[in-house]
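What follows is each chain in one-letter form.
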Amino acid sequence: MTTTRRLRGGARPARHRPWPLCRKCCGIALDMGSTRTRAWIAGRGLVLDVPTVTFPGAGVVYPIQRGAIVDTAGAARMLDRLLGHRLPGGTRPLIVVTAPVLDGVAYRTAARAAVEVLRPRGVITVPGARAIALGAGADVSRPLLVLDIGAHLTEVVLLADGAVVDAHRTALGTGDLDTVPASRISEAVAAMVTTMLRQDRTSLTLDALARGALLAGGGALRPEITYRLSRGLRTPLRTVAAPHTAAVRGAAALLQAAHAHPSVTGSVASAAARP
């Protein structure tokens, strides 16, 4: 599988009632993966953790494949089926959506089109690695290496001050274990980290490794991957609690922050959308 890489690049706020009592302030945190879609609704917590599928006819369609939304209309139908009936009538939710770091522009464009079926009053997109760090409660003011091993996509992302500095990906994940040995996934992750170290002209990657890499995604629950990865990297691995839901929890934290400080929602959206 090929691996790709990208480098870094005054009014008083309105008073809001608490989430559970504010019908007009409904919010959704959304993490749409290749195999699972997870949603968190303000005041209700995690309400969805279901397969990412839609049913246009007699068959089953997978609208998201290897981190790309390949069927925007299908994704919209899925969201309408899963979430449309869960929103109080007449509400227009604020939606925070996680997105892959690499190829994020295409994903964000398609995701924004898909969530229009929910009639949002605003959409904020956040890089998945940043959402994971927030969901884990990690200190994002220091260099942080996030290893996100999903079902069909694995990303290795370096964060500094909460922003993406460097990122690599491979189209491999736990869903490939029937045909690919676990050692291949671990070796691919280790190779991406090694490349990141070799090309980094600063000490950020080294500092992040010394601190310990943050491990998330379904792969964090697979000892046959984590054991080999720990040996290959020779660095501590800090597995996120409930690693498969860390991204949606981080998106929920951003959603709550945007609600608590409505006057800075625009700046939150701008920071969240940084690649």
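Residues numbered from 1 in each chain as written. Predicted model: local features only at pLDDT ≥ 70, side-chain atom pairs only at ≥ 80, totals over all residues. Heavy atoms only, no water.

### Remarks on the side chain of Thr98
Heads up, the rule is: Only DSSP runs of H or I covering at least 4 residues are called helices, and only runs of E covering at least 2 are called strands; the numbering of each starts at the N terminus. A 3.5 Å cut-off defines polar contacts: any pair of N or O atoms within that distance qualifies, except that in protein one atom must be a possible hydrogen donor and the other a possible acceptor, and neighbouring residues in sequence count only when both atoms are side-chain atoms. Residue contacts are defined here by distance: any two heavy atoms, one from each residue, within 4.5 Å place the two residues in contact.
Locating Thr98 in the fold gives a position in strand E7 (residues 94-99). A polar side-chain atom of Thr98 sits 2.6 Å from a polar atom in the side chain of Asp31. Apart from the residues lying within four places of it in its own chain, the contact partners of Thr98 are Leu30, Asp31, Met32, Tyr107, Val126, Gly128, Ala131, Ala247 and Ala251.

### Observations regarding the sheet that holds strand E8 (residues 122-127)
Heads up, the rule is: Strands are labelled as partners when DSSP assigns at least two bridges between them. To obtain each axis, a line is fitted to C-alpha atoms, and for helices this fit is confined to the stretch in contact; angles are then taken between N-to-C directions over 0 to 180 degrees.
Spatial strand order, E4-E3-E2-E7-E8: five strands in an open sheet with mixed pairing. At either end of the open sheet lies a strand with only one pairing partner, and these are strand E4 (45-51) and E8. The mean angle between the axes of side-by-side strands here comes to 20°, regardless of whether they run parallel or antiparallel.

### A few points about the pattern of salt bridges
Pairing is possible between side chains of opposite charge, provided their charged atoms come close. Our working rule: The salt bridge criterion pairs a side-chain nitrogen of Lys or Arg with a carboxyl oxygen of Asp or Glu, the two atoms within 4 Å. Note on exposure labels: buried denotes an accessible area under 20% of the residue type's maximum, exposed denotes more than 50%, and partly exposed covers the range between, all computed with a 1.4 Å probe on protein chains only.
A full pass over the atoms with the stated rule returns four salt bridges. Linking Arg36 and Asp49 is a salt bridge whose minimum nitrogen-to-oxygen distance equals 3.1 Å. Highlighted residues: Arg36 in strand E3 (residues 36-41) and Asp49 in strand E4, separated in sequence by 13 residues. Looking at Arg36, the relative accessible area reads 30%, which means it is partly exposed. Residue class for Asp49 comes out partly exposed when judged on its relative accessible area of 27%. The partner of Arg38 in a salt bridge is Asp49, and the shortest N-O contact between them spans 3.2 Å. One end of the pair, Arg38, is in strand E3; the other, Asp49, is in strand E4, and eleven residues separate them in sequence. By relative accessible area, which is 11% here, Arg38 ends up buried. Salt bridges linked by common partners bring Arg36, Arg38 and Asp49 together as one network.

### What about the layout of surface pockets?
Counted only if it meets this: Using a 1 Å grid laid over the protein atoms alone, points where a 1.4 Å probe fits but cannot get out form a cavity; open sets with protein on both sides within 12 Å along at least 5 of 7 lines form a pocket; any residue with an atom within 4 Å of a point counts as lining. Grid points are joined across faces, edges and corners, and a volume is the space filled by probe spheres set on the points. Lys, Arg, Asp and Glu make up the charged group, whereas Ala, Val, Leu, Ile, Met, Phe, Trp, Tyr, Cys and Pro make up the nonpolar group; the residues left over, Gly among them, are polar.
By volume, the largest pocket amounts to about 520 Å³. As for the largest pocket, its lining consists of 28 residues, of which Asp31, Gly33, Ser34, Asp148 and Gly150 are closest to the centre. Split by residue class, the lining of the largest pocket holds eleven nonpolar, twelve polar and five charged.

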